[in-house]
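# Working through the structure, step by step
The primary structure of each chain is shown beneath.
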Amino acid sequence: MPTPVEFHDRMLSLGLARVAEQAALASASLVGRGDEKAADQAAVNAMREQLNLLEIAGVVVIGEGERDEAPMLYIGEEVGTGNGPGVDIALDPLEGTTLTAKDMPNALTVIAMGPRGSMLHAPDVYMDKLAIGPGFPEGLVTLDMPPATRVSALATEKGCAPSDITVCILERPRHEEMIAEVRSTGAAIRLITDGDVAGVMHCADSATTGIDMYMGTGGAPEGVLAAAALKCMGGQMEGRLLFRNDDEKGRAEKAGITDLDRIYKRDEMVTQDVIFAATGVTGGTLLPGIRREPGWVTCTTLLMRSKTGSVRRMEYRTPVE
């Protein structure tokens, strides 16, 4: 048996940034054009091409569906040259396809990488999510608490009134009762139409974003991506898979999940050190969008390593014809 190749996150981090950058640049020409599928496909093609240049034996564990849905980057797809370390990859080639098509804020290309077996193989179902930033006692807020209790607990710990707390929630009919309960405390809500990976990430930098907490249900794959980001940035997160029918329960069992009611903490969704990269497609609170000027195009990437806690903001400027 060949000796396993060690996962050198520092050596791979710049390559991961290039993957996110090229996916963003590929979708840039489709910003505001109203074609979600074309924007997503452009990002997918660029991300796959760049991943296959990396010296890794990668497997997509969080992707865009099953194998029969290719040419998406599907769950179980093998990427890289096959010669490097075995790695798990979680990705969303274009987080916010609708945001991109409508030229709305906070569309990102997102990818995380860790050693093989480091990330929860979350099926494509819903997940109930709760996140706050770093610096708070573990378990300060939990999914078992009512939404109003979460707000009160965080406000008490921060030494402020609930009216000073801002919560980010996806604007969906299923969240109407939650929204009403949160507002009953006096807290403010920032509603987002899409992009809950970015929504969770906002909590980790509340001084800049103004977001103190994220809550609500969204895609489970995006939950694992968000957990990877928080593992690098700092912050707490809980997630619980939600199942609407037996087919969805079957997907979980196929992924090796036996306790369907389990609440996963951040470090249970992402169990080892990872690297994470996100590039802005449309401008937002976290990152500026793609910028064009005569002869040039510029993008900005957030590159993070959980092992060191390092966070880099990198600007990439390249000539175009």
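Residues numbered from 1 in each chain as written. Predicted model: local features only at pLDDT ≥ 70, side-chain atom pairs only at ≥ 80, totals over all residues. Heavy atoms only, no water.

## Brief notes about the UniProt feature "binding site: Mn(2+) 2" (unreviewed entry) in the protein chain
On the UniProt side, "binding site: Mn(2+) 2" (unreviewed entry) is annotated at positions that read Asp-92, Glu-95 and Glu-222 here. Spatially, the listed residues are clustered: although they cover 131 residues, their C-alpha atoms lie within 8.7 Å of one another. With respect to the helices and strands, the residue Asp-92 is situated in strand β3 (residues 86–95). Look at Asp-92 and you get buried, because its relative accessible area is 10%. Ignoring anything within four residues of it in the chain, the contact list for Asp-92 reads Glu-64, Leu-108, Thr-109, Val-110, Glu-222 and Leu-225. Of note, Glu-222 is situated in helix α8 (residues 220–233). Accessibility expressed as a relative area gives 22% for Glu-222, which makes it partly exposed. If sequence neighbours within four positions are ignored, Glu-222 has contacts with Asp-92, Glu-95, Lys-129, Asp-196 and Val-197. (UniProt positions renumbered as here; feature names shortened; annotations may be inferred. Helix = DSSP H or I, 4+ residues; strand = E, 2+ residues; numbered from the N terminus. Buried < 20%, exposed > 50% of the residue type's maximum accessible area, 1.4 Å probe, protein only. Contact = heavy atoms within 4.5 Å.)

## Focus: the pattern of salt bridges
Applying the stated rule across the entire model yields 16 salt bridges. A salt bridge links Asp-128 to Arg-240, with the nearest nitrogen and oxygen atoms 3.9 Å apart. Placement of Asp-128 in strand β5 (residues 126–132) and of Arg-240 in strand β9 (residues 236–242) is noted, with a sequence separation of 112 residues between them. A residue is classified by how much of its surface remains accessible, and Asp-128, at 13% relative accessible area, is buried. (Salt bridge = Lys/Arg side-chain N within 4 Å of Asp/Glu carboxyl O.)

## Some thoughts on the side chain of His-175
Locating His-175 in the fold gives a position in the loop between β6 (166–170) and α5 (176–184). The buried category is assigned to His-175, whose relative accessible area is 2%. With sequence-adjacent residues up to four places away left out, His-175 is seen in contact with Ile-169, Leu-170, Gly-216 and Thr-217.

## Digging into the packing of helix α4 (residues 147–158) against α5
When two helices pack together, their arrangement is given by the angle between their axes and by how far apart the axes lie. For the pair α4 and α5, interaxial distance at closest approach is 8 Å and the crossing angle is 35 degrees. Note on packing geometry: the crossing formed by α4 with α5 is right-handed. Facing Pro-147, Ala-148 and Val-151 of α4, the residues of α5 in contact are Met-178, Glu-181 and Val-182. Of the residues assigned to the contact of α4 with α5, the class counts are 5 nonpolar, no polar and 1 charged. (Axes fitted to C-alpha atoms, helices over the stretch in contact; angles between N-to-C directions. Left-handed = near helix turned anticlockwise from the far one by under 90°. Nonpolar A, V, L, I, M, F, W, Y, C, P; charged D, E, K, R; others polar.)

## Some details on the domain arrangement of the protein chain
Considered domain by domain, the protein chain is made up of domain 1 (9–119 + 274–319) and domain 2 (126–269). Each of domain 1 and domain 2 has a C-alpha centre, and these two points are 23 Å apart. If you look at the interface, domain 1 gives 25 residues, while domain 2 gives 22 residues. Carbon and sulfur atoms make up 75% of the area that domain 1 and domain 2 hide from each other, which totals about 1900 Å². On the domain 1 side of the interface with domain 2, the three residues burying the most area are Glu-95, Thr-285 and Leu-286, jointly 27% of the side's total. At the junction of domain 1 and domain 2, the tally comes to 0 salt bridges. (Domains from an automatic or database assignment. Buried area = accessible area lost by both parts, 1.4 Å probe.)

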